[in-house]
Amino acid sequence: MRRRAADYRRRPVRRRLSWLIWSLLDIFSIAGFVLFVVHHHHDHQDHVEQPILEREPRNEQVVHEQRMNLTQEMLSVNSYARQLAEQTTLAKAYIIIAKEHNNLHLAWKLSTKIRSCQLLLSKAAMRDEPISLDEAEPIIRSLSSLILKAQDAHYDIATTMMTMKSHIQALEERANAASVQSMMFGQLTAESLPKNLHCLEIKLMADWLTKKSLQDFADERRISPRLVDNNLYHFCIFSDNLLAVSVVINSTVANADHPKQLVFHIVTDSIHYGVMLAWFLNNDFKGSTVEVQNIDNFTWLNSSYSPAVKQLMETDSRKYYFEGSQDTGVEPKFRNPKYIYLLNHLLFYIPEIYPQLEKIVFLDDDVVVQKDLTPLFSLDLHGNVNGAVETCLEAFHRYYKYLNFSNPLISSKFDPQACGWAFGMSVFDLIAWRKANVTARYHYWIEQNADRTIWKLGTLPPGLLAFYGRTEPLDRRWHVLGLGYDVNVDNHLIESAAVIHFNGNMKPWLKLRINRYRPLWERYLNQTHPHLHDCATH
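Residues numbered from 1 in each chain as written. Predicted model: local features only at pLDDT ≥ 70, side-chain atom pairs only at ≥ 80, totals over all residues. Heavy atoms only, no water.

Enquirer: Tell me what's going on with the nonpolar core, and back it up with residues and numbers.
Expert: Counting residues in hydrophobic clusters, the biggest one holds 66 residues, and the most contacted among them are Leu-200, Ile-249, Phe-280, Leu-363 and Leu-373. Leave out the neighbours within four places in its chain, and Ile-249 touches Ile-237, Phe-264, Ile-266, Phe-280, Phe-285 and Val-290. Core analysis: the second largest hydrophobic core is formed by 46 residues, Leu-343, Phe-348, Tyr-442 and Leu-465 among them. (Core = buried A, V, L, I, M, F, W, Y, C linked by side-chain atoms within 4.5 Å. Buried < 20%, exposed > 50% of the residue type's maximum accessible area, 1.4 Å probe, protein only. Contact = heavy atoms within 4.5 Å.)

Here it is as structure tokens:
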């Protein structure tokens, strides 16, 4: 199921761009300082005089005896490499200023000398030897002469600093634009369907339409008493992603102590209904039961009953998510069309979908199960409706990051520092749910947010409101998040986790993924299926 956007996805990109900007600022500051010193100590009466490089045989001899590498030489106050690097920095600043004043000839000459300087530094680094005076002297003299000419052209320290400031501001604007663009490309990639998965769905749909035996078998499975047996362990998954759901079920079954006692309830849309049935009816899951339902058959879930459905069908909502608006202050992720996908809202109707069940575990389609989950059903929730892992370890997962606390309706009822939680793996006590009428609370908050002023996107904010004060915190090892955006999730944490969650844009079935985590998902993919093998080359 395509659910929440990755929040963090933008952070690493923005951090790298900010680092680049501050590095450039440091370079420009050094250039300004060097220019300041040269400007105030230069003899204006003889400004065409070439700088004198003192030959100090003793210093040169010491440098060669110590056999410094280029890094050590750059740190030495007496090294020619350091002089070349500082002159290069200053020359780069003057190139920008010369271009600003349309002095292209001077800019070209400075660029030529800079390339010569960089070539000499590269050769010194490759041979791992210090730069000699004979090598450095011609370049230092010529660069110094050009820098003096630039000074004579009135490119003073004030001009330099003002020019650098304007360029830094321009870089900051480019960084902001690149950050937004990166987020949009990430979302586009995450929403795309890989060719091999599209191929698989076509083949399975052909099977479903041409093999009547499959349809007859599906009719028999719909009336199985196991589907409502509260002595068994029930799991629900709402998704249109075949391979993702398959991995969730395979991993749950593979790590279960008693797989024959597991029942999986899948809800998908009408497009993928036949595809899902053709796949799950033809695969063995160690004796567990798999049910597939079509959301279009939930006739009770209509705009008359659900304000969420009513809002999703409104013309204004569809324009907001599909066409956007002229408000440039609204981030693009707030208008992702996936937020009006009804499957994403089914979580709040679980008691209505399974009226005879007493307890159920909800699993997102981008998780992998690594341990037996049946102990979840015996946990004491202390009268609460659901049990989930809190996400307070990071500040951006607290209530004030999701909700508008300037609204008195929110500020008077909720703690802004309250912990959010991860819905990707939750255990629900459906008896307590019905008693607390959580679905009605959800409907209330959906109606209050008709103008999108309490929260802007997703199903997590209304979930935080509906289940506020009714969630039992679980041990963090039950559910570890971040594998869809964080490349540095601790290995020990991953190994100890019962469920790992690929939340974020970098899903394991996409090319845009974190390769380090890919095997954790791929090992539960049934690659022996003939259709999957045929589509592997697409």
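Enquirer: Describe helix 5 (residues 104–127), with residues and values.
Expert: With 24 residues, helix 5 ought to run about 34 Å at 1.5 Å a step, and its terminal C-alpha atoms sit 35 Å apart, in line with that. Those residues of helix 5 lying buried are Leu-106, Ala-107, Leu-110, Ser-111, Ile-114, Cys-117, Leu-120, Leu-121 and Ala-124. Positive phi appears at Asp-128, one or two residues downstream of helix 5, with a value of about 60°. (Helix = DSSP H or I, 4+ residues; strand = E, 2+ residues; numbered from the N terminus. Expected span 1.5 Å × (residues − 1).)

Enquirer: Provide a residue-level description of the state of the cysteines, including the pertinent values.
Expert: Summed over all chains, the structure comprises two disulfides. Put simply, Cys-199 and Cys-535 are joined by a disulfide, and their sulfur atoms are 2.0 Å apart. Because the sign of the S-S torsion sets the handedness, a value of about -70° for the bond joining Cys-199 and Cys-535 places this disulfide among the left-handed ones. In this pair, Cys-199 is assigned in helix 8 (residues 195–210) and Cys-535 in the segment after helix 22 (530–534), connecting sequence segments 336 residues apart. Each member of the pair, Cys-199 as well as Cys-535, carries the same accessibility label: buried. Shown here is the disulfide that connects Cys-392 with Cys-419, its sulfur atoms set 1.5 Å apart. (Disulfide = S-S within 2.5 Å.)

Enquirer: So what's going on with the pairing of strand 7 (residues 421–429)? Which residues, and what values?
Expert: A regular strand places its side chains so that they alternate between the two faces of the sheet. Burial within strand 7 is extensive, with eight of its nine residues counted as buried. Across five bridges, strand 4 (residues 359–363) lies against strand 7 in antiparallel orientation. Looking across to strand 7, one finds that Ile-360 is bridged to Phe-428. In this structure, strand 6 (residues 386–390) lies alongside strand 7, joined through four bridges in antiparallel fashion. (Pairing = 2+ DSSP bridges.)

Limitation: the analysis is restricted to geometry and does not speak to function.
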